[in-house]
Amino acid sequence: MPQDLAIRIEDLSITYKVSLEAKRTLKNAVMRASLKQKERTRTIEAVKHLSLDLPHGSVLGIVGSNGAGKSTLMRSIAGILSPTEGRIIVNGKISTLLALGVGFNPALSGRDNIILGGLASGLNMDEISNKTDEIAEFAALPDGFIDLPVRTYSSGMYGRLSFAVAVSMTPDILLLDEALSAGDAAFKEKSFERMRQLCAEARTILIVSHALATVTDLCDVAIWMHKGALVAKGKPEQIVDDYLKFLNVGSLPSNYEDM
Amino acid sequence: MAWDGTLTPMPANEAFASKIQVFEPHRASLPPLIPYIKEFWTRRTFAIELARFSDKAEYLDSRLGKVWLVLNPLLLGFVYYLVVTIIRPGGSLPGLTRLDHLLIGLFTFYFAQNCVTAGALSITMGGRLILNQAFPRALLPFSCAIQAFQQFLPTIPVYIFVLLVGKWAYPTTQLPGWTWNFLWIPFILVCTGLTGFGLALVFATLNVYFRDTNKLLTYITRIWMYLSPVLWLPESLRGNMKVLLYINPLGPVLNATSRVWISGESLNNSTIFWCLFWAAASIMIGGYFFISRERDFAIRI
């Protein structure tokens, strides 16, 4: 893999089976075995034959409708989901912000959760100790809230703290799934500023967002996914424009039909 | 591709070269073990702190707080003492020795049981972590084993206190005072922890595939305790029944516990072998079963 690439995805397909049973239990398995029945499953093709090269320092926006495979793609790049076919090569340390408050315990204080969230993200104790105040300041929590249980936080405060923990890392590659929706307008601007700072430090960032303005504002390249397949890759403005047309018309543009 | 834009590649950071990860399809086989173990070791602080904070959160809203860590097993010991003395009044052991055997047996058994029951739920309960962060999944049951150990530790001073009070009240008791054979205790605890952790890996995996495993585990652990030398002495087994001490993963460590704590004896080679055998077998079988399937957990949860 060329050294200038942060991520190379080669013909990636991710398929998995989901059980149609309400709950998978030992009891049901024994019942099925006694009746010589097979488990009823449905095969989901979440990502289909997707290939992509992403150089270091790129900010990639991923757009697509619900069920397009965006989150599955992000999780496979993070190493959370394994490919069914193809291969992903990642060149650098990854940090993920795929959901808010991962690793958080609502009964514990914000300060304790910074430690837990940071450790879950891969930081070590020294790094977290050095950054605790910085994270608390970035999250802009009201006075004294940092030592209160997180269950007493508003959803905005909770989101800001989660976001602050994730971007406190200095990853080579940052994966963000709808995370920029955390907080109010002022915090969004602050988040954007932090994103720009990370971009300036030659970090590679992948952003999944339904807020298309985020993609055009922050990204220098975008892809559009539909039902697991890559429909198009290009300049964010062009991709967003085509995607919006698709949303209005409801069918893929004719120039993408063969893809 | 519709894109004709140009992207100027940024200069590659030389440090990236050492961080290349390749994700490829897999079947139910082990991932490369050396990187896995390295990553597990690197992120052990996460498991330790997760255990510490889970412990803290568990007792945060309780008025008695961590006093429950001591009260709970003590009350349990009292209940079982009543049961045992009612079922077998005037058995072969003097009352104090019987109480002490019961207490230390229960404390040790519950250490292993807590490893297994909490570990069994660790993956299904840790769904958000599993779905959103990449890390060796074995850290979650490992964290439960650490938490079980942290909850076991305060019971040791309680046991020693009961022992000292008993020796003061009944100076003729056969229970040992200080002996160098107590140096076997760390060995016994390490074997108990490893066996519990290994079994937790098995049940954590089963619980991902069959969500009622945990319900079944309630009955398994209860039967397991009755088949272990907790309510009865290892020496009371006769003939073929002695096999219970060896086919039961906790049989050898509980036998060793009784031998050291109650009789003040050293461990013989056979007991040492069986303690090590079950610790190693549990880790190897549990480790293989868990690690070979952990890449499926994010889909199954």
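Residues numbered from 1 in each chain as written. Chains lettered and ligands numbered in written order. Predicted model: local features only at pLDDT ≥ 70, side-chain atom pairs only at ≥ 80, totals over all residues.

1. Quick notes on the interface of chain A and chain B
Taken together, the 55 residues of chain A in the interface contact 42 residues of chain B. Of all the elements in the fold, those that place two or more residues in the side of chain A that touches chain B are α1 (26–34), α2 (70–78), β4 (85–91), α3 (110–121) and β9 (229–234) of chain A. Where β4(A) lies against strand β1 (residues 20–23) of chain B, four bridges are found, and the strand directions are antiparallel. The partner of A:Ile88 across the bridge, within β1(B), is B:Phe23. (Contact = placed C-beta atoms within 7 Å. Helix = DSSP H or I, 4+ residues; strand = E, 2+ residues; numbered from the N terminus. Pairing = 2+ DSSP bridges.)

2. Notes on the packing of helix α4 (residues 95–125) of chain B against helix α9 (residues 213–226) of chain B
Residue and element names in this part refer to chain B. In contact at an axis separation of 10 Å, α4 and α9 are set at 170° when each is read in the N-to-C sense. Of the possible angle classes, the one that applies to α4 and α9 is roughly antiparallel. Here Phe 109, Gln 113, Val 116, Thr 117, Ala 120 and Leu 121 of α4 lie close against α9, whose contacting residues are Thr 213, Asn 214, Leu 217, Thr 221 and Met 225. Tallied by class, residues from the contact of α4 with α9 come to six nonpolar, five polar and no charged. (Axes fitted to C-alpha atoms, helices over the stretch in contact; angles between N-to-C directions. Parallel < 35°, antiparallel > 145°, perpendicular 65-115°, else oblique. Nonpolar A, V, L, I, M, F, W, Y, C, P; charged D, E, K, R; others polar.)

3. Some words on the pairing of strand β7 (residues 204–208) of chain A
Residues and elements named next belong to chain A. Of all five residues in β7, five are buried; the element is thus mostly enclosed. By the alternation rule, side chains of β7 split into Thr 204, Leu 206 and Val 208 and Ile 205 and Ile 207, which are all buried. Where strand β3 (residues 59–63) meets β7, four bridges bridge the pair, whose relative direction is parallel. For Leu 60, the partnering residue across the bridge sits in β7 and is Leu 206. (Buried ≥ 20, exposed ≤ 12 C-beta atoms within 10 Å, placed from the backbone.)

4. Here's the deal with unusual backbone geometry
Phi is mostly negative for residues that are not glycine, and the peptide bonds are mostly trans. All names here are of chain A. You will see that Asp 11, though not glycine, has its phi angle at about 45°, which is positive. Tracing the sequence through the fold places Asp 11 in strand β1 (residues 5–19). With a phi angle near 50°, Ala 140 is a residue other than glycine that sits in the positive phi range. Here Ala 140 is to be found in the loop between α4 (125–139) and α5 (155–168).

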